[in-house]
Amino acid sequence: MRIAEISTPDFRQGTASADSSLQSHALSQLEASIKSLELHSASLPLPDSFSSELRLVLAELSQLAPFPNSTKLFLWKLSYRIWNTCVDLSNAASTTNSSGVHRLSEEHAKLRQIASDLLFLTADVAGIPSPAIKAGLFFYKTGLIWHDLEKFDLSNNCFEKATDLISKVEINSISDNDERKLLLDLNLARSRTAWEVSDRNLSIALLNRSKNVLFGTSENYIALANQYLMFGKILLSNDEVSGLNEASKLMNEALELCEKGLRIVKKTEDALNLKVLRLKILRFIAAAHLQSDEFESVLKCVKVLREGVGGADHHPSLSVLAMKAWLGLGRYKEAEKELRGMVVNNGIPEGVWVSALESYFQAVGAAGAETVKGVFLGLLGRCRVNTGVAIRVVNRIVGDCAGGAEGAEVRAKVVTELVSDERVVELFSGDAAAKERTTMHALLWNCAAEHFRAKEYQISAEMFEKSLLYGPHNIENRIFRAKGFRVLCLCHLGLSQLDRAEEYINEAEKLEPNIASAFLKFKIYLQKKDHNSAIAQVQAMSSCLDFTPDFLSLSAHEAVACSSLPVAIASLSHLLNFYSSGKPMPTNEVVVFRTLVTIIIQDSSNDSDILRHLSRAHQRQSELGPELFFGKGEVGRRERNWFAVNAWNFGVRNGKEKNYKLCAEFFRLASEFYTITSDGEAKENNLMVGKSLVLAVSAIIADERHRKATLLETETKEAIELLDRARKTLMSSSGSSGEDGGTAAMDPNFFFIYTWSAYDLYSRFSDKAAQQLLLIKNFSSSKSCNPQHLLQIGFDASEGPRSNPEVATFALHTCLSSLLASPTPDYQSVALVLRKLISVATIHKGDIDNDSVFEMYRQAYRIMVGLKEGEYPLEEAKWLAMTAWNRAALPVRLGHIDAAKKWMNIGLELATKVPGMQTYKSCMEDYVAGFEKKFHGHDNGKSRSFVVS
């Protein structure tokens, strides 16, 4: 506000007789600076040059004091000019500010400070009424500006100077109301500044001092009471225990001031203003009691307010205060009554009853959800609800949606009923509520998602379904609804309600056909155990525009989790088709093959499928190269070994199960995988390659015998080539160079299998008899040879259409020698070898060359000499004795007396070593004696035509 300027004589008239011209120069400089300030445009910010220049002149003038009265008057005029210029600049800035809120700059405050300091220099001027009060007013208003700028030290300095100036004036001499009001305002301003710098004691002391300058006016009582109330409210908002007590004291002081004012004032209007303030203070006192948990005191205050003398108070906060007090006392019925009473009170603002709803629900919890819903719908019926309120209420009821939260199910039920009410839905309809509709949708959706994560699928499904009521009304509606149908499908999947889940996903697919919908339909088929439909859906997924191969991997995982192995196999098999395109894939191809084989392994009836996929993996590594397919370094080595070992293991398993054809294929494939070597592994892998090939050939021969078929010549030659490759590979692994160097380095069992397989294959060709014998001789001379192996070879060579008596005889003789060389011979095997040797010699040489046969009987006799009873197999010993005796029959008939004697004697000798043949022995001895007597004296070897009966 501008101040009327003072008419003063020219300062030069008052200073013409001065001894010094310094004052004149300083005043001229001051006036020139003020003129520059007056010419400054209000549209430009104030530069700091004005205040700097004026401050320098003020410092100079301070040193030239005291001044004559004319100079003082002139300085007052200049001070007023500075002040009014500041007012004009401030008013102009306020009119150009569109917001209507203008905060004075610090430069502006400095200029007003200079204007005030000029008056302070000349406060004792004559000719101006109440100069001290006017100067104090300047300092008061300047202090307020510094206070707004939060320069509390400068503000306090101004207020203190104003107080010093005004304190020199007798209070009783002040009759002007504005000047009296200044005394109170100055104290209140100093109190506020002290409060801001946390000097609370000084602040309260200044308020108490202000009681002496009220001058019996209602305005002063109201101003001081409001200041007490303001400080009390600040302490109340800090929510500190010590502050609550202090707040109550300050508010009681304010209440007491109102009471005193009401006793003093005469005007009705003044009394009414004090009563209004008194009611306000009582409400805040009730709030302070509520914050201190003094609920009974709150209810007393509310009762006083409602039953007040001179008119009841119907402020909206009373219902809230009363409700919270009843809640604090645990009397929920009374609290609910207060809450419902707010519905019919049209004077209660929206924010108040929404806050009340929140407080009630927070105290009562899920048990109050129905009440809150009823109150809200009641307010909705009275058209006192907007979309923002609805969102706040729903958000409060929803509260903590997390699974397991107290009353979460009840809360969710109330919310679903509330948001599905057609009046609430109507509230959010229309384009104007699009933003709020989106907010409500997000609120319901997020809460439903929380319940879904907690596996509370029923609640989640209900809330997801209600969220669809608040989707957008534009083109995005289809996307929102499709997304909603998909999550509803997930909820019903969680509830195992597969038919409903399928209904929802079909609707989603109509609105937005994409990979998510296709995958969810796949999950439904899986859970229905409809494997054929699931496999068909795997094929259909790849036709989606947003399809990525990752979904096939995910489909396989889902299928494994549902124990649907055929579906998992189909998913991974389909995934492998994408690798041939050469496009980047999320998973290495070898990993997919390994996973696929691992799944197929769980079904033992699918060994042919395992072979097919292992063969396909080998083909892919051949196309790509080992490093690209398996990987580099240790990772690649482990992957390759996994395939090789599994091929080997399945070969072994199929061999045990007599699936020899698959067995052979697996071992051949294992050899191919083992052939893929890296640095430092060649020797070890070559050994495994050789073993795999040997077992593959043995499986081929076993399959032939199992099927009772005959290998074709080409197949036989191929098998021989495999054995030859095995021999060469083993030679390279052992570093040997001889004919049998590689095979001799093998495990004894594998060397035998190699020898046996090679012998069997060579036996099919008439020109390889010599090679067969050489092969067996090499085997027999190796460290791997043992009697049982030779026994088996001997038996095999002695039987069948491709028998080789030479090989059989050699193998059996070598076996017999090996058995007898043992410290504890196995006489059961010895007996079998002897019998087989006799049989081979008899069959292939006949009785003409019987010396070798006789020698075998003699050898058997020598073996039996010295053995304990029963050590040599009894039946075999009997067989030897009886067959030897019977061999004499033909020579007897032919008259070969010496030959007959020879066989009868060896038969008798053998019979003496066999327990239980005493009767036979007696008969033999009698017959030999008679034979000797009858043919005694005949020439040795001369034939006689007779038959011994």
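Residues numbered from 1 in each chain as written. Predicted model: local features only at pLDDT ≥ 70, side-chain atom pairs only at ≥ 80, totals over all residues. Heavy atoms only, no water.

### Some thoughts on the overall build of the chain
Working step 1: Within the chain one finds 46 helices and zero strands.
Working step 2: Relative to its full complement of 949 residues, the chain shows a buried share of 48%.
Working step 3: Considering only contacts within the chain whose residues lie at least 6 apart along the sequence, 65% involve residues at least 24 apart.
Working step 4: A total of about 46200 Å² of accessible surface is found on the chain, and carbon and sulfur atoms cover 51% of it. (Helix = DSSP H or I, 4+ residues; strand = E, 2+ residues; numbered from the N terminus. Buried < 20%, exposed > 50% of the residue type's maximum accessible area, 1.4 Å probe, protein only. Contact = heavy atoms within 4.5 Å. Areas by Shrake-Rupley, 256 points an atom, 1.4 Å probe, with all protein chains shown as cover.)

### Some details on the packing of helix H42 (residues 851-864) against helix H43 (residues 874-886)
Working step 1: Between H42 and H43, whose axes approach to 11 Å, the crossing angle comes to 140°. Classified by the angle their axes make, H42 and H43 are oblique. The interaxial crossing formed by H42 with H43 has left-handed handedness. From H42, Tyr857, Ala860 and Met864 reach across to H43, where they touch Ala877, Trp879, Leu880, Thr883 and Ala884.
Working step 2: Each residue belonging to the contact of H42 with H43 can be placed in one class, and the counts come to seven nonpolar, one polar and no charged. (Axes fitted to C-alpha atoms, helices over the stretch in contact; angles between N-to-C directions. Parallel < 35°, antiparallel > 145°, perpendicular 65-115°, else oblique. Left-handed = near helix turned anticlockwise from the far one by under 90°. Nonpolar A, V, L, I, M, F, W, Y, C, P; charged D, E, K, R; others polar.)

### Some points on the pattern of salt bridges
Working step 1: Counting across every chain of the model gives 39 salt bridges.
Working step 2: The closest approach of N and O atoms between Arg707 and Asp703, which form a salt bridge, is 2.8 Å. Taken together, the residues Arg707 and Asp703, both in helix H34 (residues 682-707) and four residues apart, mark about one turn of the helix.
Working step 3: Residue Glu704 is joined to Arg764 by a salt bridge in which the shortest nitrogen-to-oxygen separation is 2.5 Å. Taken together, the positions of Glu704 in helix H34 and Arg764 in the loop between helix H37 (748-762) and helix H38 (769-780) put the pair 60 residues apart, joining distant regions of the chain. As far as the burial class goes, Glu704 and Arg764 line up, both buried. (Salt bridge = Lys/Arg side-chain N within 4 Å of Asp/Glu carboxyl O.)

### Looking at unusual backbone geometry
Working step 1: The backbone phi angle of Ser563 is positive, close to 60°, even though this residue is not glycine.
Working step 2: Tracing the chain through its elements places Ser563 in the loop between helix H27 (550-561) and helix H28 (565-576).
Working step 3: Residue classification places Ser563 among the exposed residues on the basis of a relative accessible area of 57%.
Working step 4: Of note in this structure, Lys708 is not a glycine but carries a positive phi near 55°.
Working step 5: Structurally, Lys708 can be placed in the loop between H34 and helix H35 (713-734).

### Re the confidence of the model for the chain
Working step 1: A residue-level look at the chain finds 87% of positions with pLDDT of 70 or above and a mean pLDDT of 83.
Working step 2: pLDDT under 50 marks residues 939-949. Its contacts with residues more than four places away, or in other chains, come to 24 contacts. (pLDDT = per-residue confidence, 0-100.)

### Some words on the environment of Lys777
Working step 1: Note that Lys777 resides in helix H38.
Working step 2: Since its relative accessible area comes to 38%, Lys777 is described here as partly exposed.
Working step 3: In this structure, the C-alpha to C-alpha distance between Lys777 and Thr814, residues 37 residues apart in sequence, is 9.3 Å.

### With respect to helix H18 (residues 387-398)
Working step 1: Compared with the 16 Å implied by 1.5 Å per residue over twelve residues, the 16 Å span of H18 between its first and last C-alpha is a close match.
Working step 2: If you check which residues of H18 are buried, you get Thr387, Val389, Ala390, Ile391, Val393, Val394, Ile397 and Val398. (Expected span 1.5 Å × (residues − 1).)

### Re the packing of aromatic side chains
Working step 1: This structure, assessed with the given rule, holds 27 aromatic pairs.
Working step 2: For the pair Trp445 and Phe464, a centre-to-centre distance of 4.8 Å together with 70° between the ring planes defines the contact as edge-to-face. Here Trp445, found in helix H21 (residues 434-453), pairs with Phe464, found in helix H22 (residues 457-467); they are 19 residues apart in sequence, far enough to count as distant.
Working step 3: Ring geometry for Tyr927 versus Phe931: centroids 6.5 Å apart, planes at 20°, classification stacked. In this pair, Tyr927 and Phe931 are both assigned in helix H46 (residues 918-934), four residues apart and thus about one turn of the helix distant.
Working step 4: Note on Tyr927: relative accessible area 24%, which makes it partly exposed. (Phe/Tyr/Trp six-rings, centres within 6.5 Å; stacked < 30°, edge-to-face > 60°.)

### As for the environment of Asp703
Working step 1: Here Asp703 falls in the buried class, since its relative accessible area comes to 11%.
Working step 2: Sequence separation of Asp703 and Asn659 is 44 residues, and the distance between their C-alpha atoms is 7.6 Å.
Working step 3: Those residues within four positions of Asp703 in sequence are excluded, and the remaining contacts are Tyr660 and Lys661.

### Looking at the nonpolar core
Working step 1: Among the nonpolar cores identified, the biggest contains 132 residues, and Tyr857, Tyr872 and Leu910 are the most heavily contacted of them.
Working step 2: Sequence-distant contacts of Leu910, that is, excluding residues within four places in its chain, are made with Tyr857, Ala860, Tyr861, Met864, Leu880, Ala881 and Ala884.
Working step 3: With 106 residues, the next largest nonpolar core counts Trp146, Leu183, Leu214 and Leu305 among its residues. (Core = buried A, V, L, I, M, F, W, Y, C linked by side-chain atoms within 4.5 Å.)

### Brief notes about the environment of Ala92
Working step 1: Within the secondary structure, Ala92 is located in helix H4 (residues 69-96).
Working step 2: Along the sequence, Ala92 and Ser41 sit 51 residues apart, while their C-alpha atoms lie 9.5 Å from each other.

### Considering the packing of helix H6 (residues 131-148) against helix H8 (residues 177-196)
Working step 1: Look at H6 against H8: their axes get within 11 Å of each other, and the N-to-C directions meet at 30°. Viewed along their axes, H6 and H8 adopt a mutual orientation that is roughly parallel. As for how H6 packs across H8, the hand of that crossing is left-handed. Along the contact surface, H6 presents Ile133, Leu137, Tyr140, Leu144 and His147, while H8 presents Glu179, Leu182, Asp185, Leu186, Ala189, Arg192, Thr193 and Glu196.
Working step 2: Looking at the contact of H6 with H8 residue by residue, the class counts come to seven nonpolar, two polar and four charged.

### Re H22
Working step 1: Among the eleven residues that make up H22, eight are buried, leaving the element largely enclosed by the rest of the structure.
Working step 2: Three or more residues of H22 are buried, namely Tyr457, Ile459, Ser460, Ala461, Met463, Phe464, Lys466 and Ser467.
Working step 3: Of the surrounding elements, those touching the buried residues of H22 are helix H19 (408-419), H21 and helix H23 (477-494).

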